[in-house]
Amino acid sequence: MLVYKGFVGHIDFDMSSGWIIGEVLNAPDVILFQGRTAEAIEDAFRRSIDEYVAFKENCRSSNIVSFSGPISVHLRADQHAKVIEAALSCDKSVNDWCSDVLEHAASPDKESMHHS
């Protein structure tokens, strides 16, 4: 196992090719690396991590960010109850209702959108 800058790499030896192949286990993206010797695989692992970190930093500075997944919102109990009531009145899950409301609120053309 290899560790560098908080990333953990797992390595295996591929008998058919003679290459040591590796994969970073704790990155949100797939990062693979390979080498012929222990020194080469460690160097490839470190270079892969350095390139990945530089790429991610460049993406942030260019505002190229992939958005998906959960958003945590903290509500007071009375707000939470209102959200549940509103979702139920629309026959939607809270998640679907919130998604629709947020999409509507973020729409550049709010006037043409109708409340669903």
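In short, a report on the structure. (Residues numbered from 1 in each chain as written. Predicted model: local features only at pLDDT ≥ 70, side-chain atom pairs only at ≥ 80, totals over all residues. Heavy atoms only, no water.)

### Details of the overall build of the chain
Move 1: Across its full length, the chain holds three helices and four strands.
Move 2: When the helices and strands of the chain are read in sequence order from the N terminus, they spell out β-β-β-β-α-α-α.
Move 3: Here the chain, with 116 residues, has 20% of them falling under the buried criterion.
Move 4: Relative to all contacts within the chain whose residues are 6 or more apart in sequence, the contacts with residues 24 or more apart total 23%. (Helix = DSSP H or I, 4+ residues; strand = E, 2+ residues; numbered from the N terminus. Buried < 20%, exposed > 50% of the residue type's maximum accessible area, 1.4 Å probe, protein only. Contact = heavy atoms within 4.5 Å.)

### Regarding the sheet that holds strand E4 (residues 32-35)
Move 1: Taken together, the four strands give an open sheet; going across it, the order is E1-E2-E3-E4, and neighbouring strands pair in antiparallel fashion. The sheet terminates laterally at strand E1 (2-4) and E4, the two strands that pair on one side only. Each strand of the sheet is rotated relative to its neighbour by a mean of 30°, with strand direction disregarded. (Pairing = 2+ DSSP bridges. Axes fitted to C-alpha atoms, helices over the stretch in contact; angles between N-to-C directions.)

### Here's the deal with the environment of Tyr4
Move 1: Relative to the helices and strands, Tyr4 resides in strand E1.
Move 2: Assessed through its relative accessible area of 18%, Tyr4 is described here as buried.
Move 3: The residues contacting Tyr4, other than those within four sequence positions of it, are Phe45, Arg46, Ile49 and Asp50.
Move 4: There is a polar contact of 3.0 Å between the side chain of Tyr4 and the side chain of Asp50. (Polar contact = N/O pair within 3.5 Å; in protein donor to acceptor, adjacent residues only side chain to side chain.)

### A word on the packing of aromatic side chains
Move 1: Here the structure, examined in full by the defined rule, presents two aromatic pairs.
Move 2: Plain terms: the ring middles of Phe7 and Tyr52 are 5.9 Å apart, the flat faces sit at 90° to each other, and that makes the pair edge-to-face. In this pair, Phe7 sits in strand E2 (residues 7-14) while Tyr52 sits in helix H1 (residues 38-61), placing the two residues 45 residues apart along the sequence. The pair formed by Phe7 and Tyr52 is uniform in burial state, with each residue classed as buried.
Move 3: With centroids separated by 5.1 Å and ring planes inclined at 50°, the aromatic side chains of Phe33 and Phe45 adopt a geometry described as tilted. In this pair, Phe33 is assigned in strand E4 and Phe45 in helix H1, connecting sequence segments 12 residues apart. With respect to class, Phe33 is no different from Phe45; both count as buried. (Phe/Tyr/Trp six-rings, centres within 6.5 Å; stacked < 30°, edge-to-face > 60°.)

### Focus: the pairing of E4
Move 1: Side chains Phe33 and Gly35 project from E4 onto a buried face, and the interleaved Leu32 and Gln34 project onto a face without burial.
Move 2: Of the pairings in the sheet, the one linking strand E3 (residues 19-24) to E4 comprises four bridges and is antiparallel in character. Pairing of Ile21 across the sheet is with Gln34, part of E4.

### What to know about a nonpolar patch on the surface
Move 1: On the surface, Met1, Val3 and Leu25 cluster together into a nonpolar patch covering about 360 Å² of accessible area.
Move 2: In this fold, Met1 is placed in the segment before E1.
Move 3: Its relative accessible area of 70% is what places Met1 among the exposed residues. (Patch = residues over 30% accessible without salt bridge, like charges linked within 9 Å, V, L, I, M, F, W, Y side chains within 5 Å. Areas by Shrake-Rupley, 256 points an atom, 1.4 Å probe, with all protein chains shown as cover. Salt bridge = Lys/Arg side-chain N within 4 Å of Asp/Glu carboxyl O.)

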